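For reference, the chains in residue letters:
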Amino acid sequence: MIASVSGEVIDIALDHAVVECAGVGYRVLATPPTLGTLKRGSQVRLLTTMMVREDSMTLYGFTDPEARDLFALLQTVTGVGPRLAMATLAVLEPDSLRTALAGSDAKALTAVPGIGKRVAERLVVELRDKVTAAPGAAGAVGTPVVGGVSGQVTEALVGLGFTEQAAQKAVAAVVAADPGADSSTLLRAALSALGPRR
């Protein structure tokens, strides 16, 4: 079982990164929030879960143990495999996911592509007693960021899998620090701000 990988990031794609460890490049599947924290050429340590199937061995990477634990917990529910568990963590941050489960908020879970009403209700029923809501976690989506570049970058971040609330907060913080930032600078800075969130 490979529990973590540590080394140089040699490639980053939409759904995975390649981390070179002792001369071997490991392909690690990860969510957009995790990939947003990585940079080619930089050193990284990712916590991993290894899935072994008859025809494949796959590594899933996480920046913190809470996300990895939730990834495993989600898969204890019938009908939820690693792909759907990763999609859930791409759309809902760990705090938001725990709040939705503990609060029996099946509607929030249906925002994940591939999770319909029936699976969302099954997740809530089976997991609500196994998680606790994050202190002060807000389930509601805040007021949308209005205006050109900020709005476009917020939409791009939501498209990458961040929650709208988290995207708006990150964009607002970057705009406050650098009001003249163009869209690419704003997106990079917002991704950087979102990445290390726990």
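What counts and how
- Residues numbered from 1 in each chain as written.
- Predicted model: local features only at pLDDT ≥ 70, side-chain atom pairs only at ≥ 80, totals over all residues.
- Heavy atoms only, no water.
- Helix = DSSP H or I, 4+ residues; strand = E, 2+ residues; numbered from the N terminus.
- Buried < 20%, exposed > 50% of the residue type's maximum accessible area, 1.4 Å probe, protein only.
- Contact = heavy atoms within 4.5 Å.
- Areas by Shrake-Rupley, 256 points an atom, 1.4 Å probe, with all protein chains shown as cover.
- Core = buried A, V, L, I, M, F, W, Y, C linked by side-chain atoms within 4.5 Å.
- Phe/Tyr/Trp six-rings, centres within 6.5 Å; stacked < 30°, edge-to-face > 60°.
- Pairing = 2+ DSSP bridges.

**Q** Before we go on, may I ask you to explain the overall build of the chain in this structure?
**A** Counting secondary structure elements, the chain contains nine helices and five strands. The helix and strand sequence of the chain, counted from the amino end, reads β-β-β-α-β-β-α-α-α-α-α-α-α-α. Residues classed as buried in the chain amount to 41% of the 198 residues present. Counting only contacts in the chain whose residues sit at least 6 apart along the sequence, the fraction spanning at least 24 positions is 54%. Accessible surface computed for the chain: about 10400 Å², of which carbon and sulfur atoms make up 55%.

**Q** Please explain the nonpolar core as it appears in this structure.
**A** For soluble globular proteins, the rule of thumb is that nonpolar side chains tend to be buried together. Counting 29 residues, the largest nonpolar core has Phe71, Val80, Leu97, Leu109, Ile115 and Leu123 as its most contacted members. Of all the secondary structure elements, the ones that give two or more residues to this core are strand E5 (57–62), helix H2 (65–74), helix H3 (82–91), helix H4 (94–102), helix H5 (106–109) and helix H6 (117–127). Filtering out sequence-adjacent residues up to four positions away, Leu123 remains in contact with Leu74, Val77, Val80, Leu101, Leu109, Ile115 and Arg128.

**Q** Explanation requested: H4 in the structure shown.
**A** Residues lying three or four places apart along an α-helix face the same way, a consequence of the helix completing one turn every 3.6 residues. Here H4 lies mainly inside the structure; seven of its nine residues are buried. For H4, the full list of buried residues reads Pro94, Ser96, Leu97, Arg98, Thr99, Ala100 and Leu101. Against H2, H3, H5 and H6 lie the buried residues of H4. Just beyond H4, the residue with positive phi is Ser104, at close to 55°.

**Q** Whenever I open this one, the packing of aromatic side chains confuses me. Can you help?
**A** Aromatic ring pairs: the centre-centre distance and the angle between the two ring planes describe each pair. In total, this model carries two aromatic pairs according to the counting rule given. Centre to centre, the rings of Tyr60 and Phe71 are 5.1 Å apart; their planes meet at 40°, and the pair counts as tilted. You can see Tyr60 sitting in strand E5 and its partner Phe71 sitting in helix H2, a full 11 residues away along the chain.

**Q** Hey, could you run me through the environment of Lys39 in this one?
**A** Of note, Lys39 is situated in the loop between helix H1 (32–35) and strand E4 (43–52). Counting along the chain gives 31 residues from Lys39 to Glu8, while the straight-line C-alpha distance between them is 9.2 Å. If we ignore the near neighbours within four places in the chain, the residues touching Lys39 are Val9 and Ile12.

**Q** It is not clear to me how unusual backbone geometry should be interpreted in this structure. Could you clarify?
**A** In most cases, non-glycine residues show a negative phi, while peptide bonds are predominantly trans. Positioned with a positive phi, Ala22 is a non-glycine residue whose angle comes to about 50°. Looking at the secondary structure, you find Ala22 in the loop between strand E2 (16–21) and strand E3 (24–29). Taking the relative accessible area as the measure of exposure, Ala22 reaches 85% and is therefore exposed. Its identity is not glycine, yet Ser104 carries a phi of approximately 55°, on the positive side. On the basis of relative accessibility, which here comes to 36%, the residue Ser104 falls in the partly exposed class.

**Q** What is the right way to read the pairing of E4 from this model?
**A** Remember that side chains alternate between the two faces of the sheet whenever the strand is regular. Strand direction decides the pairing type here: strand E1 (residues 4–12) and E4, joined by five bridges, are antiparallel. Within the sheet, the bridge partner assigned to Glu8 lies in E4 and is Gln43. Alignment of E4 against E5, held across six bridges, turns out to be antiparallel. Residue Thr48 lies in a different strand from E5, and its bridge partner there is Gly61.

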